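# What the coordinates show
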Amino acid sequence: MNNAYFQITQPKNEPVKSYMPGSPERIALEAELQRQLDNPVEIPIIIGGQEIRSAKKAKMICPHDHNKVLGEYYIAGEKELLMAIEAAEAAKEEWENMPWEHRATIFLKAADLLTGKYRAKVAASCMLVQSKNAFQAEIDVICELADFLRFNPYYVQEIYKQQPANTDGVWNRVEYRPLDGFVAAITPFNFTSIGGNLCTAPAMVGNTVLWKPSSTAVLSNYYFMQILVEAGLPAGVINFVPSRGVDFGKLVIGHPNMAGVHFTGSTAVFNDLWKQVGENIGQYVSYPRLVGETGGKDFIFAHETADVEALVCAMVLGAFEYQGQKCSAASRAYIPESLWGKVKDRLAEEVSKVKMGDVRDFTNLMNAVIDKSSFTNIKGYIDYAKASDDAEVIIGGNCEDSVGYFVEPTVILAKTPAFKTMVEEIFGPVLTVYVYPDDKLEEALVQCDTATSYGLTGAIFAQDRAAIIKLARALNHAAGNFYINDKPTGAVVGQQPFGGSRGSGTNDKAGSAINLYRWMSQRAIKETLVPRIVVNYPYMVKE
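Keep in mind that this is a model prediction, so the values were computed, not measured.

With that out of the way, let us pick up the overall build of the protein. A count of helical and extended segments in the protein gives 16 helices and 23 strands. The C-alpha atoms of the protein give 25 Å as radius of gyration, which agrees with the globular expectation for 543 residues (24 Å, within 12%). Structurally, the protein occupies a C-alpha span of about 85 × 70 × 50 Å along its principal axes. Residue burial in the protein is summarised as follows: out of 543 residues, 56% are buried.

It is worth spelling out helix 9 (residues 267–279) at this point. The periodicity of an α-helix, 3.6 residues per turn, causes residues three or four places apart in sequence to face the same way. Here helix 9 is 13 residues long and its end C-alpha atoms lie 18 Å apart, about the 18 Å a rise of 1.5 Å per residue gives. Burial in helix 9 covers these residues: Thr-267, Phe-270, Leu-273, Gln-276 and Val-277. On its buried face, helix 9 sits against strand 7 (182–186), helix 8 (245–253), strand 10 (258–264), strand 11 (289–293) and strand 19 (454–455).

Another point: the nonpolar core. Counting 78 residues, the largest nonpolar core has Leu-149 and Ile-238 as its most contacted members. A per-element tally of this core places helix 5 (residues 134–161) first, with 15 residues. Contacts of Ile-238, omitting those with residues within four sequence positions, involve Cys-199, Thr-200, Ala-203, Val-209, Trp-211, Met-225, Leu-228 and Leu-233. Counting 34 residues, the second largest nonpolar core, distinct from the first, contains Ile-300, Val-343, Val-354 and Met-366.

The subject of this paragraph is the domain arrangement of the protein. When its domains are assigned, the protein resolves into domain 1 (24–57 + 67–294 + 505–525) and domain 2 (298–484). A C-alpha centroid distance of 32 Å is found between domain 1 and domain 2. If you look at the interface, domain 1 gives 25 residues, while domain 2 gives 20 residues. Buried area between domain 1 and domain 2, both sides added, is near 1,900 Å², and the carbon and sulfur share of it is 59%. Where domain 1 meets domain 2, there are zero salt bridges. Counting every contact that joins domain 1 to domain 2 gives ten residue pairs in polar contact (both at pLDDT 80 or more). Elements with a contribution of two residues or more to the side of domain 1 that touches domain 2: helix 1 (24–38), helix 4 (119–130) and helix 5. At six residues, the largest contribution of residues to the side of domain 1 that touches domain 2 is made by helix 1.

Calculation rules
Residues take numbers from 1 onward in each chain, read along the sequence in its written order. Local features are withheld for residues below a pLDDT of 70 in this predicted model, meaning they are given only at 70 or higher, and side-chain atom pairs are given and counted only at 80 or more; totals for whole chains, interfaces and linings count all residues. With hydrogens and water excluded, all non-hydrogen atoms of the structure serve as input to the side-chain values. A run of H or I in DSSP counts as a helix once it spans at least four residues, and a run of E counts as a strand once it spans at least two, with each numbered from the N terminus. Radius of gyration: over C-alpha atoms. The globule rule applied is 2.2 Å multiplied by the number of residues raised to the 0.38 power. Residue burial is assigned from relative accessible area. The probe radius is 1.4 Å, only protein chains are included, and a residue is buried under 20% of its type maximum, exposed over 50%, and partly exposed in between. Take the residue count of a helix, subtract one, and multiply by 1.5 Å to get its expected span. Contacts are assigned to residue pairs that have any heavy atoms within 4.5 Å of one another. We call a set of buried Ala, Val, Leu, Ile, Met, Phe, Trp, Tyr and Cys residues a nonpolar core when their side-chain atoms join them within 4.5 Å. For the domain bounds, the source is a domain assignment made automatically or taken from a database. A quick way to say it: buried area is the sum, across both parts, of accessible area lost when two parts are put together, with a 1.4 Å probe. In what follows, salt bridge is the name for a side-chain nitrogen of Lys or Arg lying within 4 Å of a carboxyl oxygen of Asp or Glu. Nitrogen and oxygen atoms within 3.5 Å of one another constitute a polar contact, given that in protein one can donate a hydrogen and the other can accept it, and given that sequence-neighbouring residues count only through two side-chain atoms.

Shown next, in the form of structure tokens:
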């Protein structure tokens, strides 16, 4: 019986390995990359702890070499999704009644497995199937995912400590229950850490989950699922169901016992999910919690006092790391006219040094975009800019898909702040710059704040403190994650809780306690130690 108070020490962030030539981590990673290329895998659906093989399969390919097949995965259809719902419901009672410290231990163990013996395996899978370089894979699927697995149990502990005040003769308590039903986790291709967090965060507080991974990230997501199983996750707590969005929406989102959606993806898809929940609101057992991190049109805004070298570095790394396929990637920049000449020259110089190609070449900063559909979409925006009288492609702009889906780092100069590539999300290595007159600073700030429907990340550059204050105030609601003299990417769990509002989501900050609250349902308990036995109140006594 639990007769002690258990406590998790506040975690530290997982150190990022360097992968320098000859280092042990690099040698192991290079060997694992080749092993996975030589050994295609078959990935089953996992429901109730059982491997399920359906009638439909799909291939997994390398985006940087689309002729290279990494394996196949099975697709969950109606039958399998209904099985997964049953499995989640069957596992719920035992899971939610498991002492919290035992639930927490499973995820803490998973973090140690991930950063230990499985580090090379999971990093290599992320590189190959999502076309990430070694550093991008390291900060994603290893460090950030491990941080989620360590910080979230600590946050759960701190939440559970929060209890109401007592009065004489009364003991008040609050229990933090899971939601009344199961949670649907719908996860993106670009960060395996997000996939891992979206399915595990609700589970840590006693919920059971149906996890729909992105079709272009199944490999790394599956390896993480295997780690959870090895760490002791009970069968049915998280059910791994790669599936078509239309099937998942119809059967899972529309199910009466669906209690919450944990989502990262496009704004349009999240809007559709919200609409579907609204249309079905009368049939749910409880009001579903909807948590979403969606699109972004993230900005860099420079003041005339900005440090040009720091600004250019942020523009290059913020816009082009991982091919601009980050929700937080810089995709529009506002540069004062007085700085533009220097910025333009230095930007062209730095972009000219950027190498792009296969993930196994560690000298490449950039690799391929995720698939043919994304390639076509990005190319369409670049072609639009090339044909427009209101813009000019000043750097890059070439696209090539004969071997892999490669898009050059591209910079567009827009003549108007309302130009299409200044306001619409592209999700690729395309940065659009608008040069504003120095004496039109206020107008440029209004344009930055109001030009798009998004509010995810943004950065300002200035050396003058009064200017920093002015810019920060003017852009108060323009970004949920706001950076001063830094690129608008790279949020770290426990340091910069991540999320935005407006068209960028519900701002339920992944990597903080706020997100965990969304998967809990409180029960307040009042216990009177010695109950009263007198019905009348004192004021009722006659004079």
